[in-house]
Structures are given as structure tokens and as C-alpha cells.
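# What the coordinates show
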Amino acid sequence: MTTDARSAQARTATHWQRFSVPYEYPVVFTEGVFDADNPALRDVLCRLEPAKRHRVVVFVDDGLSAGKPPLLEAIQAYAERHRDAIDLACAPIAVPGGERIKTELHFVESMQQTLFDLHLDRHSYVIAVGGGAVLDAVGLVAATTHRGVRHIRIPTTVLAQNDSGVGVKNGVNLQGVKNFVGSFAPPFAVVNDLEFILTLPDRDKVAGMAEAVKVALIRDAEFFGWIERHMDHLATFERAAMATMIRRCAELHMRQIGHGGDPFEMGSARPLDYGHWSAHKLESLTRHHVRHGEAVAIGMALDARYSVLAGLLPAGGEERICALLEYLGFHLWHPALAKTGADGEWLILEGLKDFQEHLGGELTVTLLAGLGTGVEVHEIDAERMRRAMVWLQARAGG
Ligand SMILES: NC(=O)c1ccc[n+]([C@@H]2O[C@H](COP(=O)([O-])OP(=O)(O)OC[C@H]3O[C@@H](n4cnc5c(N)ncnc54)[C@H](O)[C@@H]3O)[C@@H](O)[C@H]2O)c1
Ligand SMILES: [Zn+2]
């Protein structure tokens, strides 16, 4: 060591700061959350300070306003009925549903302006009622206003109830990149109400089921078998089957976040993102005309075939997965998959690079070693993936 290095070392001292913060939040399953006598929402609001009257701002997905009875009025009536516990800081505010709220960032700013104008403090509540997009945008607003206002999510789509809404992430899009700006911020509570699912267009009911098939395929053979046995009921959106599917899927996602060892995704793995590297790319190639769940279904079919070609999944498994997805209502091909760049390469394959870039570190892709067993790999053979693409295209007659 040189004299300079020795003297620099003598002037340097490192103190390690260390702490851990336990998180917990209830995920409640109910029906008729805004029915006057349903205590679920009131109970979660009051869980820390039962005697207090809580200030609340509610943002509502405008895709829900067509419902009956009118939702905004129902929320107001609920707050009035529980006025000893709930102090609505202003009338519920409708915000744009769907990806628009995550893409046009003036909506985020205007929600923050509202919280500023209302003098909302860190012990107040920001409630989001809506699909995954509204939850992501409002979640970001809640997480960043005063560095974190209590946030309650009331997810209203299958996907948001069984996957995104019960998790710890929020985010908005920038420069066309999904979720480029966002944070990890566990909510104060989640309240899932099955009745919202009933008003959902069929297309969205189908799309959300992709995440259930996904989590079954990588984590739970028994659940995969249950989905297969109940595919008739699921394909016709039978209430009891939908309720069981959503709850089991939400539980499996919660288990991964709570016990998977990496809730804030510090590592390189995204264990819940089976079928997602190509799905995210397909979503952006189609400018979100393909729903997230629809893209995930295609991504799962592709990676199932790849898993077979790689010798990981016994042959026939991929066909069983495709047959189930098609029975549930998914189409396993989209013309945008065949788009090529100047070099003739399929653009979808760029999704692997994007996937790695989002997380950093080593490329980590979840494949299948069985119907219920995910396996992580760190290399994807481009030629083999091209063959999987050709198979999928030929299978769809595309
Ligand atoms: N934070 C996460 O961990 C996470 C995980 C997965 C997906 N996401 C995000 O979730 C978003 C997709 O969410 P989504 O699939 O819920 O769709 P969405 O939020 O885009 O909603 C789809 C459409 O349904 C409408 N809608 C919502 N609830 C309805 C109801 N009950 N009845 C009728 N219409 C209703 C909305 O207005 C919208 O037009 C994407 O932005 C995705 O990036 C986030
Ligand atoms: Zn997903």
C-alpha cells in the first residue's frame, strides 16, 4: 500500500446502519364493500386507531361509473352511514381508468394537487377503487405525497384482485417504458369485492385468469389441476369458481411476496414473472391494445414450448397448457409477434434484454420443469426461442 493510500485509509471510518421494518397488511375478501352495513372497510380504516374519525380521499376508476347503483353516490352514502369513523375530505373523485392514467402524468400531478389542497396528512387515507392501472397511479401518489400517506386498495378487475392489487408495487409509464417511475410501497390494506368482477367486460374477466394459470404453473400443481377440472365453470365465469380462483391466486402471490425472501425485488430474479418477458414486449409492440393478461397467456405458451425444447418440461405439457388457455378464452398468437427489425430479427426477442435491464444483474427467466414447478435459467438460446416462436405461429395457423 502506498503512503497516500495508507493516510486516506486512516481518515476513513465506516459505520454500518442496520434495521429491519416488519410489514403487515390485511387482504380482505368481501362482497358489497360499500353496502351500508358491511363493516369491512370501516374495520380496516379503524384498525390502528379505533376511536378516531379518519380523513379519507377516494379516487375511483371512471370505468366503474356506469355501474348500478352509481358508485360515487354509494361511497358517499357509506361514509355518511359511518361518519363517526370516516370523514370524507371531499366527494369521491373519478379518474381515468386504464393505461391512460399511467401514461399522461398530469393526472398524477393533479391528484397530488388535490391532496395538497385538502391538507391531507400522513395519518389520512388515500383509497383507490379501480383496475390495476388506477391502483398503480394512485399508489404512487400515496407513496410519494408527504413520503407516504396511508393507502387502501379496492381492486375491481380480476387481474387487480388476484395479482397486482395484493402486492407491494406501484408505478407509472415514462417515454413508453412501462412502470419506469414507481416504488415499492406496501398498502395499509386491500379489500377485494367480488361484485366488481360481475360488471367487468368478458375480455377482462378472461385476461385476469392468465395470472392464475401462471402462478399455478410455477408454484402449485394442485391448483393447476383445480383450474383444469373447473375450466367449464371458469370459461363461463361462474361466480363460485371465479371467487375460488381469485382467492387462491391472490394467496399464492401473497405467499411469494411475504415468504419468497425478496419482497422488494433487490435480486435479479422475478419469480412471479413466468411468461412475462415477451408479454411486456408484446404489450408495448401493440401499444397496449393487447391486455396484460392476454399477452401473458401468449408468453406462457411460448415459454412452455421453449421449456420442452430445452428438455426441462416433458413433451406434451406445452400442449396441455395451450389447450387450457384456449378453453378459457385466450388466443395464443398475435400478428405483432411476427414484427421484425431492420436485421430481420423478431422484435419480440428484444424483450429479453428489456427484462434484464428493468431489474439489473444477471438475466433470470422462469421456465417450467413441470406443471406446477418453475425453474430459473440465466441463458436463453435465441435459435431455440425462434423455433418455439415458429411452433406457436404454426399452431395458431398464423
Ligand atoms: N403493481 C403491480 O404489481 C402490477 C402487477 C401486474 C399488473 N400491473 C398493472 O396493472 C395494469 C392492468 O390492470 P387491469 O388488468 O386491472 O386493467 P386496467 O386497470 O387497465 O383496467 C381495464 C379497464 O377496465 C375498466 N374497469 C376496471 N374495473 C372495472 C369493473 N369492475 N367493471 C367494468 N370496467 C372496469 C377500467 O376503467 C379500464 O378501462 C397495468 O398497468 C399493469 O402494468 C401492476
Ligand atoms: Zn402479470
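The structure this text deals with has already been given above.
Not measured: the values here are computed from a predicted model. For every chain, the first residue of the written sequence is number 1, and numbering continues from 1 onward in sequence order. Chains and ligands are labelled sequentially in the order written, the chains with letters from A and the ligands with numbers from 1. pLDDT decides what is reported in this predicted model: residues at 70 or higher carry local features, side-chain atom pairs at 80 or more are listed and counted, and totals for whole chains, interfaces and linings draw on all residues regardless. Remark: hydrogens and water are excluded; side-chain values derive from all non-hydrogen atoms of the structure.

### A closer look at the site of ligand 1
By nearness alone, 22 residues border ligand 1, and D61, E99, G132, T157 and K178 come closest of all. Contact distances for ligand 1 include 2.8 Å between a nitrogen atom and a side-chain N or O atom of D136. Within the side chain of T199, one N or O atom sits 2.9 Å away from a nitrogen atom of ligand 1. Isolated, ligand 1 exposes 870 Å² of accessible area, and the fraction of that covered by the protein chains is 84%. Runs of E in the DSSP output that reach at least two residues are strands. Runs of H or I that reach at least four are helices, and both are numbered from the N terminus. At three residues, the largest contribution of residues to the shell around ligand 1 is made by helix α6 (residues 132-144). All amino acids are sorted into three groups, where Ala, Val, Leu, Ile, Met, Phe, Trp, Tyr, Cys and Pro are nonpolar, Asp, Glu, Lys and Arg are charged, and the leftover types, Gly among them, are polar. Of the residues contributing to the shell around ligand 1, the split by class is six nonpolar, ten polar and six charged. Residues are labelled near a given molecule or strand when at least one of their non-hydrogen atoms is within 4 Å of it. What qualifies as a polar contact is a pair of N or O atoms within 3.5 Å, subject to a donor-acceptor requirement within protein and to the restriction that residues adjacent in sequence count only when both atoms come from side chains. Computed by Shrake-Rupley with a 1.4 Å probe, the accessible areas treat only the displayed protein chains as cover when residues are assessed.

### Some details on helix α12 (residues 239-259)
Under the convention used throughout, the expected extent of a helix is 1.5 Å for every residue step, that is, one less than its residue count. Between its first and last C-alpha atoms α12 spans 30 Å; for 21 residues at 1.5 Å apiece the expected length is 30 Å, and the two agree. Whether a residue is buried, partly exposed or exposed follows from its accessible area with a 1.4 Å probe, protein chains only, as a fraction of its type maximum: under 20%, in between, or over 50%, in that order. Those residues of α12 not exposed but buried are A241, M242, M245, I246, C249, A250, L252, H253, Q256 and I257. One side of α12 carries all its buried residues, which in axial view fall inside an arc of 160°. Structural note: α12 exposes A240, G258 and H259 on the side pointing more than 90 degrees away from its buried face. Summarising the contacts, the buried residues of α12 are in contact with β1 (27-30), α7 (158-162), α8 (194-198), α9 (202-219), α10 (221-229) and α11 (231-235). Note that the arc is computed from the directions linking the helix axis to the C-beta atoms. The contact rule is simple, with two residues in contact once any of their heavy atoms fall within 4.5 Å.

### Considering the coordination of the zinc ion (ligand 2)
Looking at the zinc ion (ligand 2), one finds its protein donor set to be E211 (OE), H276 (NE2) and H292 (NE2), positioned 2.0 to 2.1 Å from the metal centre. Taken in chain order, the donor set of the zinc ion (ligand 2) reads E-x64-H-x15-H. In this pair, E211 is assigned in helix α9 and H292 in helix α14 (residues 292-309), connecting sequence segments 81 residues apart. In this pair, the class of E211 matches that of H292, namely buried. Because no water is among the atoms considered, metal sites can look incomplete, with donors defined as N, O and S atoms within 2.8 Å of the metal, or 3.2 Å for Na, K and Ca.

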